[in-house]
Amino acid sequence: MSFNRRTFLTGTACLAGASVLPRAAIAADSIKLGSILDTSGIFDAYGKPMDMAMRLAINEINAAGGLLGKQVDVVAYDTQSDMALYTQYAQQLTRQDDVDVVHGGILSASREAIRQTMRKTNTLYFYNVQYEGGVCDRNIFITGVTPAQQVEVLVPYALKNSGKKVYILAADYNYGQITARWIQKFVGDNGGETVSVDFFPLDVSDFGSTIAKIQTVGPDLVFAPLVGGNHLSFFRQWAAAGMNKRIPLASTTMGAGNDHKVLTPDEGDGIMVAYNYSQELDTPANNSFKEKWATAYGDSNLIHELAVSTYQGVMAWAEAVRQAGTIDRDDLIVTLEKGLSIDGPAGKVTIDPQTHHAVLDVHIMEIENQGMRVIETLPQRQPIDTQEVCDLQANPDDNTQYEIEI
């Protein structure tokens, strides 16, 4: 995603098939989907379920007859959580494997490494991950939530259930810095006050002095866009100090990669979050999706926000192919820009023509017994942050990641 993360889960299911499919194994009359993900290394708790979701979608498409009378073949590369391999494999997918579309990337840096190669080679690119917003490029489609979609709904809920004085702890790089500014904006918009903002490098794992400082300041709410395995220590240390019984917590990252399942119920219960997806969504679409996943992999417990975004991204691309009647990049972009919609496990997904981001349902939730209990659903949230800076209808040649002024 836009955040660096360490592996939180162990014993994840084995991937279906080889992670790299040789070019010679791809049928000449097939449609080729390229994938670049961290399916090993320190980000594999995110990349493995994303890969599984991508393959589940492709198997479902192929079982229904494929696209345009052809089967869809996957050409997938594992970057092993090595950023340099993203550029290498992006070039290989486009210049040697000659794929028709690429879905991939987790960190913002990996997206940017892929994005420029895809643009230069005119290869359609889907980034299916929650991130900090602001990418404006006609060749990319983004299906994850942005801060304005997520933070704008989470802040008022958290303030209502705690109080107006907010202390922010954030990862010290672009995602955490930008998200912290969004939190401050929406805290102010809802009559609250930010009493402190602290940033932490990703290798920090000792939060004892920070917890002592929070005790001294005495906020009503702690907002924690913290990232990665080291930062997960904060939530454990917070609970060990008994602070989870005294000051409520909200987070924009906890649970997006199933990290809430690593915490015990005593450590995690009550943390407030907002995402496009929860395993606890009790809808026909989600129940059907979980059944398909369990049939394919034997355990639906591995499903998380980024996996569902990946599944929905692949399905949106497939629907565009059906509607356009071609795999031609330009025709697919035009088709997607008509406001194409699909119904996914997390609800309706609609492509915003102006930004190429997804309009999504967002669910306010609380962590409960290692699950995410849905409290309220806000339908079809617009990516208003990126809409403020990006208009691909007016400026189709734009190629910028804007740092949005807040």
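Counting of residues starts from 1 at the beginning of each chain's written sequence and follows it residue by residue. Per-residue local features are limited, in this predicted model, to residues with pLDDT of at least 70; the limit for side-chain atom pairs, both in listing and counting, is 80 or more; totals at the level of whole chains, interfaces and linings are taken over all residues. Water and hydrogen atoms were dropped before computing side-chain values, which therefore reflect all heavy atoms in the structure.

Peer 1: Go over the confidence of the model for the protein, please, and point to the residues and values.
Peer 2: Low-confidence regions, as indicated by low pLDDT, have predicted coordinates that should not be scrutinised in detail. Each residue carries a pLDDT score, the predictor's own confidence in it, on a scale running from 0 to 100. Within the protein, residue pLDDT values average 90, and 93% of them lie at 70 or more. Throughout, a residue-residue contact means that at least one pair of heavy atoms, one from each residue, lies within 4.5 Å. Low confidence marks residues 1–27, where pLDDT is under 50. Its contacts with residues over four positions away, or in another chain, come to 90 contacts.

Peer 1: Go over unusual backbone geometry, please, and point to the residues and values.
Peer 2: Even without being a glycine, Leu 68 presents a positive backbone phi close to 55 degrees. Think of it this way: any DSSP run of H or I at least four residues long counts as a helix, any run of E at least two long counts as a strand, and we number them from the N terminus. Relative to the helices and strands, Leu 68 is located in the loop between α1 (44–63) and β2 (72–78). We call a residue buried when its accessible area falls under 20% of the maximum for its residue type, exposed when it is over 50%, and partly exposed in between, using a 1.4 Å probe and counting protein chains only. Leu 68 sits in the partly exposed class, given a relative accessible area of 42%. Unusually for a residue other than glycine, Asp 98 sits at a positive phi of about 55 degrees. With respect to the element layout, Asp 98 can be found in the loop between α2 (83–95) and β3 (101–104).

Peer 1: I'd like a rundown of the side chain of His 357, residues and numbers included.
Peer 2: Position of His 357 among the secondary structure elements: in the loop between β13 (347–351) and β14 (358–368). For His 357, a relative accessible area of 1% gives the class buried. Counting of polar contacts relies on pairs of N or O atoms within 3.5 Å, with two restrictions inside protein: one atom must be capable of donating a hydrogen and the other of accepting it, and residues adjacent in sequence are counted only when both atoms are side-chain atoms. In terms of polar contacts, His 357 uses its side chain to reach the side chain of Tyr 131, at 2.6 Å. Polar side-chain contacts of His 357 include one of 3.0 Å to the backbone oxygen of Thr 355. Residue contacts for His 357: discarding those within four places in its chain leaves Tyr 131, Val 135, Ile 142, Thr 146, Thr 350, Ile 351, Asp 352, Pro 383 and Thr 386.

Peer 1: Describe helix α11 (residues 329–336), and please don't skip the residues or the numbers.
Peer 2: Of all the residues in α11, the buried ones are Leu 332, Ile 333, Thr 335 and Leu 336. In a view along the axis of α11, the buried residues occupy a sector of 160 degrees, so they form one face of it. Structurally, the start of α11 carries an N-cap: the backbone nitrogen of Asp 330 is 3.2 Å from a side-chain oxygen of Asp 328. Summarising the geometry, the arc corresponds to the directions from the helix axis toward the C-beta atoms.

Peer 1: Describe the environment of Arg 55, naming the residues involved and giving the relevant values.
Peer 2: Structurally, Arg 55 can be placed in helix α1. A C-alpha to C-alpha distance of 13 Å links Arg 55 and Ser 309, two positions 254 residues apart in sequence.

Peer 1: Which residues make up the packing of aromatic side chains, and what are the values?
Peer 2: Stacked, tilted and edge-to-face are the three classes assigned to paired rings of Phe, Tyr and Trp, where Trp is represented by its six-membered ring and a pair needs centres within 6.5 Å; plane angles under 30 degrees give stacked, over 60 edge-to-face, the rest tilted. For the coordinates displayed, the defined rule picks out 11 aromatic pairs. Plain terms: the ring middles of Tyr 127 and Tyr 131 are 5.9 Å apart, the flat faces sit at 80 degrees to each other, and that makes the pair edge-to-face. The same class applies to Tyr 127 as to Tyr 131, namely buried. When the centroid spacing of 5.6 Å and the interplanar angle of 15 degrees are considered together, the rings of Trp 182 and Phe 186 count as stacked. Linking Trp 182 with Phe 186, this pair stays in helix α5 (residues 174–189), spanning 4 residues, or about one helical turn. A relative accessible area of 2% places Trp 182 in the buried class. What makes Phe 186 buried here is its relative accessible area of 4%. Of the aromatic side chains, those joined through ring pairs into one cluster are Phe 200, Phe 207, Phe 234, Phe 235 and Trp 238. In our convention, an over-ring charge means Lys NZ or Arg CZ found within 6 Å of a ring centre and within 35 degrees of that ring's normal. The ring of Tyr 127 has Arg 111 lying over it, and the distance from NZ or CZ to the ring centre is 5.0 Å.

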